Every structure is written in structure tokens, then in C-alpha cells.
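# Structural overview for review
Listed below, chain by chain, are the residues.
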Amino acid sequence: MTEKILVVEDDVIIRQSIRDLLRSEGYEVAEAGDGAHALRLLERDRFDLVISDFVMPRLDGLKVVEQVHATCPQTPVIFLTGYLSRRSANALLRGMAEFIQKPITFELLLATVRRLLRPELEH
């Protein structure tokens, strides 16, 4: 079964780059340009993983993760942000999500996606 990933990012170039990367790895990808659009998608569909920017217009990433955990608590979330340090993000998120600081590397993103979606492959 193909895993479904929701990518929530207001920067179109970053969002499309992540989408293309994940699709090239065989994942099914849906996209949202802001948190409000993401919530509408989350109401209609189930996702195996959510990758979200933290700071976005209309609705921030924290509200997105709160909704994900309210409706599908087992769904992992990866936050992408250039605004928080790792320490402040970990304190704020308190285990609610993984965190990757921008600028992201595709290798780190893919490794994190694989680890969260297929933990049985971890050694």
C-alpha cells in the first residue's frame, strides 16, 4: 500500500520540491498552501504522515498538528521551520512532532519520513 503524505507549506517552490521528491520515492502526496487548506484536506482524507511549515499565513503549523492529533493521534508530523532553534522547537512541541530546521536537506527529510513511516526497518 502506498503511504499518503500531506505537505503543508506556503512557499510554492519548497512545497513543489518536497512533493516531487516524495513522489519520486513512490509516496502519494497531497498539498496545501496554508494551514486552513490543510485542515480542509484533513477533514476529507486520512494521511499516514503530515509535513508542515511552522509559520504560515491564516493558520500556523501548531494548529495543524493539534487538529491532526485530535482526529488521528497516531499520525506522525514533521515540522519545517527557519524561525525556531531545535531547543525552542522541542520545548514548544513537547513530543508532538519531529522538527527539521530550514534550509532542509532532502536526505534528512527522506530519512525522517522513512523512519516515521517504516519504523520496523530501523536498526
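Residues numbered from 1 in each chain as written. Predicted model: local features only at pLDDT ≥ 70, side-chain atom pairs only at ≥ 80, totals over all residues. Heavy atoms only, no water.

The next thing to look at is the sheet that holds strand E5 (residues 98-101). As summarised here, the arrangement of the 5 strands in space is E2-E1-E3-E4-E5, forming an open sheet in which the pairing is parallel. The open sheet has two free edges, formed respectively by strand E2 (28-32) and E5, since each of these has just one partner strand. Within this sheet the neighbouring strands show an average axis-to-axis angle of 20°, counted without direction. As paired elements, strand E1 (residues 4-8) and E2 share 5 bridges and run parallel to each other. (Pairing = 2+ DSSP bridges. Helix = DSSP H or I, 4+ residues; strand = E, 2+ residues; numbered from the N terminus. Axes fitted to C-alpha atoms, helices over the stretch in contact; angles between N-to-C directions.)

A few words on the packing of aromatic side chains. Evaluation of the coordinates by the stated rule reveals 1 aromatic pair. Look at Phe54 and Phe79: their rings are 4.9 Å apart centre to centre, the planes differ by 80°, and that puts the pair in the edge-to-face class. In this pair, Phe54 is assigned in the loop between strand E3 (49-53) and helix H3 (61-71) and Phe79 in strand E4 (residues 77-81), connecting sequence segments 25 residues apart. What makes Phe54 buried here is its relative accessible area of 9%. Above the plane of the ring of Phe47 lies Lys4, whose end atom (NZ or CZ) is 5.5 Å from the centre. (Phe/Tyr/Trp six-rings, centres within 6.5 Å; stacked < 30°, edge-to-face > 60°. Buried < 20%, exposed > 50% of the residue type's maximum accessible area, 1.4 Å probe, protein only. Lys NZ or Arg CZ within 6 Å of the ring centre and 35° of its normal.)

On to H3, then. Buried residues of H3: Gly61, Val64, Val65 and Val68, and no others. For H3, the buried positions fall inside an angular range of 95° around the axis, keeping them on one side. Check the buried side of H3 and you find it contacts helix H2 (35-44), E3 and E4. The distance from a side-chain oxygen at the start of H3 to the backbone nitrogen of Leu62 is 3.1 Å, and the residue carrying that oxygen is Asp60. (Arc of directions from axis to C-beta. Contact = heavy atoms within 4.5 Å. Polar contact = N/O pair within 3.5 Å; in protein donor to acceptor, adjacent residues only side chain to side chain.)

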